[in-house]
There are 2 protein chains.
Amino acid sequence: MELAEAKKKFIETWGKLGSEWGINRTMAQVHALLLISPEALTTEEIMETLSISRGNANMTLRDLIGWGLIEKQHKAGERKEYFYADKDTWNIARQVAKERRKRELDPMLKALDELSKVEGDVNDPDYKTFNKSVTDINKLAKNVDKTLDTMLKAEENWFWGSLFKIFK
Amino acid sequence: MELAEAKKKFIETWGKLGSEWGINRTMAQVHALLLISPEALTTEEIMETLSISRGNANMTLRDLIGWGLIEKQHKAGERKEYFYADKDTWNIARQVAKERRKRELDPMLKALDELSKVEGDVNDPDYKTFNKSVTDINKLAKNVDKTLDTMLKAEENWFWGSLFKIFK
DNA sequence: TTAAACTTTCAATATATTTTGAAAGTTTAA
DNA sequence: TTAAACTTTCAAAATATATTGAAAGTTTAA
């Protein structure tokens, strides 16, 4: 496979993965493009390479900055803004986990906590089933939250090292 | 909060979570409804409770069966099909992880393996950056795959016990 | 100042996904 | 058989999400 072809395929693959995980395709593709670019790119270059509009490029770049996945770079004597991606996969994974926790897990934990407080007749099968499911899911969600918390604070080697020890 | 209100809220919350994770809202809501139902329900009851059409209910139920999250039940002397959900959160988590691995991670690993084989000039910064990113992501994906594999084979207590030991 | 270079906004448009519902298909009891 | 009870299908409609592009906004150098 040619490098040019491989690049296209990578951008496409990363885009598909993103859309399967709730990150929009274009956002994932811009991220992929920056991941394989040795140099920071301008909005213009990104628009051109991916055939997307200026508005789309601008919004997507802002989103990616919001996710902590890319950063702006200013070149001396230039007006234009350049963008580059953090290339460290561990950081990428952490950043994504961190954002999704904040955006999704936290609100869910809040809702579940409230729902597990609902009182009812312990002889009512409806109530019993409701309560058990909510409580169990709440426990699971809390475990996930705790694990993520520790993971986010951890160093890469320490994390993977420990993980391999258990999952040998 | 009233039980009836709490049930509604739970179905809504689970639905929202699902849609954030690439599972469609209705599918997550039907799953939620069955999770809090002590008895298996008919298509009719599900349609009514969630105000969805027959076609939608039928397709969603088939999808949920495909994901291994619910099962059909036949009651003696009845023509109708009843549906019930596995209530064990550990099984649910495992089932979802298993399906997503099969549907998403496996194809991605295949694509990444191919892309990491692409050869090029080691003095070309383009090639070097491409190669490093692809290789790194491939490693990460393989680690995730390995971890999931072990997790899927593991027993609940063993898994959470070990996880807590590291992430104390 | 001002005007060129650049960035941001957002209503309109396009695309993708989900849902409907009526018709077709299947199963079963009599 | 047959007809009632039930399930499945799928084209059309509705809804949700993403994208465009031109206009408005901002910054900077002269």
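One can find the structure itself at the top, above this paragraph.
Analysis parameters
Position numbers for residues start from 1 in each chain and track the written sequence from start to end. A letter from A marks each chain and a number from 1 marks each ligand, given out in the order of writing. Note on the predicted model: pLDDT of at least 70 is required for a residue's local features to be given, and 80 or more for side-chain atom pairs to be given and counted; whole-chain, interface and lining totals, by contrast, use all residues. Excluded from the side-chain calculations are hydrogens and water; all other atoms, namely the structure's heavy atoms, are used. Secondary structure elements are defined from DSSP: runs of H or I of at least 4 residues count as helices, runs of E of at least 2 residues count as strands, and each element is numbered from the N terminus. Put simply, the radius of gyration uses C-alpha atoms, and a globule should come to 2.2 Å times the residue count raised to 0.38. Should DSSP find at least two bridges between two strands, the strands are regarded as paired. Put simply, a residue is near a molecule or strand once any heavy atom of it comes within 4 Å of that molecule or strand. Identification of polar contacts relies on pairs of N or O atoms within 3.5 Å, with a donor-acceptor requirement for protein atoms, meaning one able to donate a hydrogen and the other able to accept it, and with residues adjacent in sequence counted only if both atoms are side-chain atoms. Gly is placed with the polar residues, together with every amino acid not listed as nonpolar (Ala, Val, Leu, Ile, Met, Phe, Trp, Tyr, Cys and Pro) or charged (Asp, Glu, Lys and Arg). Think of it in three bands: residues with accessible area under 20% of the maximum for their type are buried, residues over 50% are exposed, and the middle band is partly exposed, with areas taken using a 1.4 Å probe on protein chains only. The aromatic pairing rule takes the rings of Phe, Tyr and Trp, using the six-membered ring of Trp, and pairs them if the centres are within 6.5 Å, calling planes under 30 degrees apart stacked, those over 60 edge-to-face and the rest tilted. Superposition of the copies was done by least squares, using only C-alpha atoms of residues whose pLDDT is at least 70 in both. Here a residue-residue contact requires only that any non-hydrogen atoms of the pair lie within 4.5 Å. Computed with a 1.4 Å rolling probe, the buried area is the accessible surface lost when two parts are put together, summed over both parts. Each salt bridge in this description consists of a side-chain nitrogen of Lys or Arg and a carboxyl oxygen of Asp or Glu lying within 4 Å of one another.

## A short note on the overall build of chain A
Thinking step 1. When you go through chain A residue by residue, the secondary structure sums to seven helices and three strands.
Thinking step 2. Walking chain A from its N terminus toward its C terminus, one meets helices and strands in the order α-α-β-α-α-β-β-α-α-α.
Thinking step 3. Against the 2.2 N^0.38 benchmark of 15 Å for 168 residues, chain A shows a C-alpha radius of gyration of 21 Å, more extended than a compact globule.
Thinking step 4. Each of the three principal axes of chain A carries a C-alpha extent, and together these read 70 × 40 × 35 Å.

## Side note on the pairing of strand 3 (residues 81-85) of chain B
All names here are of chain B.
Thinking step 1. Summarising the sheet, strand 1 (residues 41-42) and strand 3 pair through two bridges and their orientation is antiparallel. Following the sheet pairing, threonine 42 is matched in strand 3 by tyrosine 82.
Thinking step 2. The sheet contact formed by strand 2 (residues 70-74) and strand 3 spans five bridges and is antiparallel. Bridge assignment links lysine 72 to a residue of strand 3, and that residue is phenylalanine 83.
Thinking step 3. The antiparallel pairing of strand 2 with strand 3 creates a hairpin that spans six residues between the two strands, and glycine 77 there sits at a positive phi of about 75°.

## Focus on the protein's contact with DNA strand C
Thinking step 1. Of all residues adjacent to DNA strand C, which total 17 residues, the nearest are A:Asn58, A:Arg62, A:Arg79, B:Thr26 and B:Ser53.
Thinking step 2. Counting only the atoms of DNA strand C within 4 Å of the protein, the fraction contributed by sugar and phosphate is 65%.
Thinking step 3. Separating a phosphate oxygen of DNA strand C from a side-chain N or O atom of A:Asn58 is a distance of 2.3 Å.
Thinking step 4. Backbone polar atom of B:Ser53 to a phosphate oxygen of DNA strand C: 2.7 Å apart, as the coordinates give it.
Thinking step 5. Among the elements of the structure, helix 4 (54-66) of chain A together with helix 4 (54-66) of chain B are those that each provide at least two residues to the surface near DNA strand C.
Thinking step 6. Looking at which element gives the most residues to the surface near DNA strand C, the answer is helix 4 of chain A, with five residues.
Thinking step 7. In terms of residue class, the surface near DNA strand C is made up of two nonpolar, eight polar and seven charged.

## So, helix 2 (residues 25-35) of chain A
Thinking step 1. Taken across its 11 residues, helix 2 of chain A has 10 buried, putting it largely inside the fold.
Thinking step 2. Where helix 2 of chain A begins, the capping side chain belongs to A:Asn24, and its oxygen is found 2.9 Å from the backbone nitrogen of A:Thr26.

## Description of the protein's contact with DNA strand D
Thinking step 1. Around DNA strand D, 17 residues are found, and the nearest of them are A:Thr26, A:Ser53, A:Arg79, B:Asn58 and B:Arg62.
Thinking step 2. Those atoms of DNA strand D that come within 4 Å of the protein belong to sugar or phosphate at a rate of 66%.
Thinking step 3. A distance of 3.3 Å is found between a phosphate oxygen of DNA strand D and a side-chain nitrogen or oxygen belonging to A:Asn56.
Thinking step 4. Of all the elements in the fold, those that place two or more residues in the surface near DNA strand D are helix 4 of chain A together with helix 4 of chain B.
Thinking step 5. For the surface near DNA strand D, the leading source of residues is helix 4 of chain B, giving five residues.
Thinking step 6. When grouped by side-chain class, the residues that make up the surface near DNA strand D number two nonpolar, eight polar and seven charged.

## Remarks on the environment of A:Glu119
Thinking step 1. Mapping A:Glu119 onto the fold places it in the loop between helix 5 (89-116) and helix 6 (125-153).
Thinking step 2. Separated by 12 residues in the primary sequence, A:Glu119 and A:Asn131 place their C-alpha atoms 8.6 Å from one another.

## Considerations on the packing of aromatic side chains
Thinking step 1. If you walk through the whole model with that rule in mind, you get five aromatic pairs over all chains.
Thinking step 2. Note on A:Phe10 and A:Trp14: the rings are 6.1 Å apart at their centroids and 15° apart in plane angle, and the pair reads as stacked. Of this pair, A:Phe10 and A:Trp14 are both found in helix 1 (residues 3-20), four residues apart, which corresponds to roughly one turn of the helix.
Thinking step 3. Aromatic side chains A:Phe130 and B:Phe10 sit 6.2 Å apart centroid to centroid with 80° between the ring planes, which places their arrangement in the edge-to-face category. In this pair, A:Phe130 is assigned in helix 6 and B:Phe10 in helix 1 (residues 3-20), connecting two distinct chains.

## Digging into the relation of the copies chain B and chain A
Thinking step 1. Superposing chain B onto chain A takes a rotation of 180° combined with a translation of 0.0 Å along the rotation axis, leaving an RMSD of 0.0 Å. Read as a symmetry element, the transformation amounts to a two-fold axis.
Thinking step 2. Comparing contact sets, 100% of the residues at the interface of chain B also lie at the interface in chain A, consistent with an isologous, same-surface contact.

## Let's talk about the side chain of B:Asn138
Residue and element names in this part refer to chain B.
Thinking step 1. Relative to the helices and strands, asparagine 138 is located in helix 6 (residues 125-153).
Thinking step 2. The buried category is assigned to asparagine 138, whose relative accessible area is 5%.
Thinking step 3. Residues within four places of asparagine 138 in sequence aside, it is in contact with Leu109, Leu112, Asp113 and Ser116.

## A closer look at the interface of chain B and chain A
Many descriptions give the size of an interface as the accessible area lost when the pieces come together.
Thinking step 1. Listed by partner, the interface residues are 51 residues for chain B and 51 residues for chain A.
Thinking step 2. The junction of chain B with chain A conceals about 5,000 Å² of combined surface from both sides, 75% of it contributed by carbon and sulfur atoms.
Thinking step 3. In this structure, the connection of chain B to chain A is made through four salt bridges.
Thinking step 4. Put simply, B:Glu114 and A:Lys9 hold a salt bridge, and the shortest N to O gap is 3.6 Å.
Thinking step 5. At the surface where chain B touches chain A, the tally comes to eight residue pairs in polar contact (both at pLDDT 80 or more).
Thinking step 6. At the level of elements, helix 1, helix 5 (89-116), helix 6 and helix 7 (156-166) of chain B are the ones that each hand at least two residues to the side of chain B that touches chain A.
Thinking step 7. By residue number, the principal contributor to the side of chain B that touches chain A is helix 6 of chain B, which donates 15 residues.
Thinking step 8. For the side of chain B that touches chain A, the class distribution of residues is 30 nonpolar, 10 polar and 11 charged.

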